Amino acid sequence: MNTNELRTVWWENANVCLIDQLRLPHEQVTVRCQTVDEVARAIKTMQVRGAPAIGCTAAYGMALAARNSVATTVEALIEELYQAKATLDAQRPTAVNLMWATKRMLQKAITSSNEPELLRQRLLDEAHAILHEDLDMCHAIGEYGAPLIPERGNVLTHCNAGGLATAGYGTALAPIRTAHSQGRTIHVHVDETRPFLQGARLTAWELREAGIPQTLITDNMAGFMMSRGNVDCIIVGADRIVANGDVANKIGTYSLAVLAQYHKIPFYVAAPFSTVDLSLASGDLIPIEERSPDEVTHIGGRLVAPEHVVAAHPAFDVTPNDLITAIITEQGVIRPPFDQGLFGLGRRDG
Ligand code: MRU
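Residues numbered from 1 in each chain as written. Predicted model: local features only at pLDDT ≥ 70, side-chain atom pairs only at ≥ 80, totals over all residues. Heavy atoms only, no water.

A. Up close: the site of the ligand. Inspection of the region around the ligand gives 19 residues, with Arg49, Arg92, Asp239, Asn249 and Lys250 positioned closest. One of the backbone N or O atoms of Gly50 is found 2.9 Å from an oxygen atom in the ligand. The contact in question runs from an oxygen atom of the ligand to an N or O atom on the side chain of Arg92, over 2.8 Å. A total of 410 Å² of accessible area belongs to the ligand in isolation, and the protein chains cover 100% of it. Counting atoms within 2 Å of the grid points, the majority share of the ligand lands in the largest cavity. For the shell around the ligand, the residue count by class is eight nonpolar, seven polar and four charged. Shared between two domains, the shell around the ligand takes at least three residues from each, and those domains are domain 1 (9-139) and domain 2 (141-349). (Near = heavy atom within 4 Å. Polar contact = N/O pair within 3.5 Å; in protein donor to acceptor, adjacent residues only side chain to side chain. Areas by Shrake-Rupley, 256 points an atom, 1.4 Å probe, with all protein chains shown as cover. 1 Å grid on protein atoms, 1.4 Å probe; cavity = no way out; pocket = protein on both sides within 12 Å on 5 of 7 lines; lining within 4 Å. Sits in = over half its atoms within 2 Å of the grid points. Nonpolar A, V, L, I, M, F, W, Y, C, P; charged D, E, K, R; others polar. Domains from an automatic or database assignment.)

Below, the structure written as structure tokens:
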């Protein structure tokens, strides 16, 4: 498979289809969701994950809700769409792309048509549009981000902000892919990303498929790699960027940013405008998802800690804006002070 053409989510025979990210890297299996509840479960269990990817999936979930509805009036159909939005939004609280996408779909429904069948088609068209826009934005992030990678080309990344986390191509991996396709020397240090291992399972798989040289490291090796001069820059994705430029991303991102500052290594965040939430002033207001401690005490379903031990599992952390060198968006590179640049981003969510 050519992962430049990797499809994370797609619509097929009135099903929302996903590549099952829990089965990678060992198996490539398609999940077919026939109901909104099945889409919600796929988001909750992280069969699909990554902020833009769950936004695209939720958009198709809304189209599916409309398609499955037997409502004969637009008013009744919209009422069901409100319920579908509430169900989908409740699955994961931190990645704002989820609520952004369901809100955009609902607004499309409200402003669209007074004929239910036409409305169903318009919603499917809108979900396709969200998917295609995301793919275009990822490619633009690649174009803007590639020149930021220093000449020696040693990049460190965390979690998976690649094609699997988006409609395709990725956010943090986009500058890496673009630089690689330009023939530049690129090598990626991939944090394994405990506890869910998105780096080891997904990023390492994507980079291998793309033929991009990499070294997988455990998260606690990152500082040592930096101290040895093995890291020229860090690029991560984001689940939510708020008005002052604070960034929520996978747990462990904040530690990397602190290490980067100490070692004077540029720390970049790559994300499209659908990840920006200007309604929140600062990062302390971002809801942080708490996941099951079982994901900490177990690896691959196997208990690795004493039975009944208490474990914590905040799934995200917040990196304060003063640790961030620049934010790479599809509209250009934003540098501090971030509030001005973020407010200038053209928002298309109505
Ligand atoms: O819990 P996950 O795997 O959904 O978390 C994903 C991340 O934190 C990514 O870095 C982020 O969503 C950016 S994806 C382009």
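Having put the structure on the table, let's press on.
B. Up close: the layout of surface pockets. As a volume, the largest pocket reaches approximately 310 Å³. Contributing elements (two or more residues each) for the lining of the largest pocket: helix 10 (294-297) and strand 12 (298-299). When grouped by side-chain class, the residues that make up the lining of the largest pocket number five nonpolar, four polar and four charged. (Points joined across faces, edges and corners; volume = space filled by probe spheres on them. Helix = DSSP H or I, 4+ residues; strand = E, 2+ residues; numbered from the N terminus.)

C. The arrangement of the sheet that holds strand 14 (residues 316-319) in detail. Pairing in this open sheet of four strands is mixed, and the strands run 11-8-9-14 from one edge to the other. Unpaired on one side and paired on the other, strand 11 (276-277) and strand 14 mark the two borders of the sheet. Relative to strand 9 (residues 247-250), strand 8 (residues 240-242) is paired through two bridges, and the arrangement is antiparallel. Across the sheet, residue Ile241 finds its bridge partner in strand 9, namely Val247. Helix-sheet contacts for helix 9 (residues 253-263) involve strand 9 and strand 14, and the interaxial angle to strand 14 is about 30 degrees. (Pairing = 2+ DSSP bridges. Contact = heavy atoms within 4.5 Å. Axes fitted to C-alpha atoms, helices over the stretch in contact; angles between N-to-C directions.)

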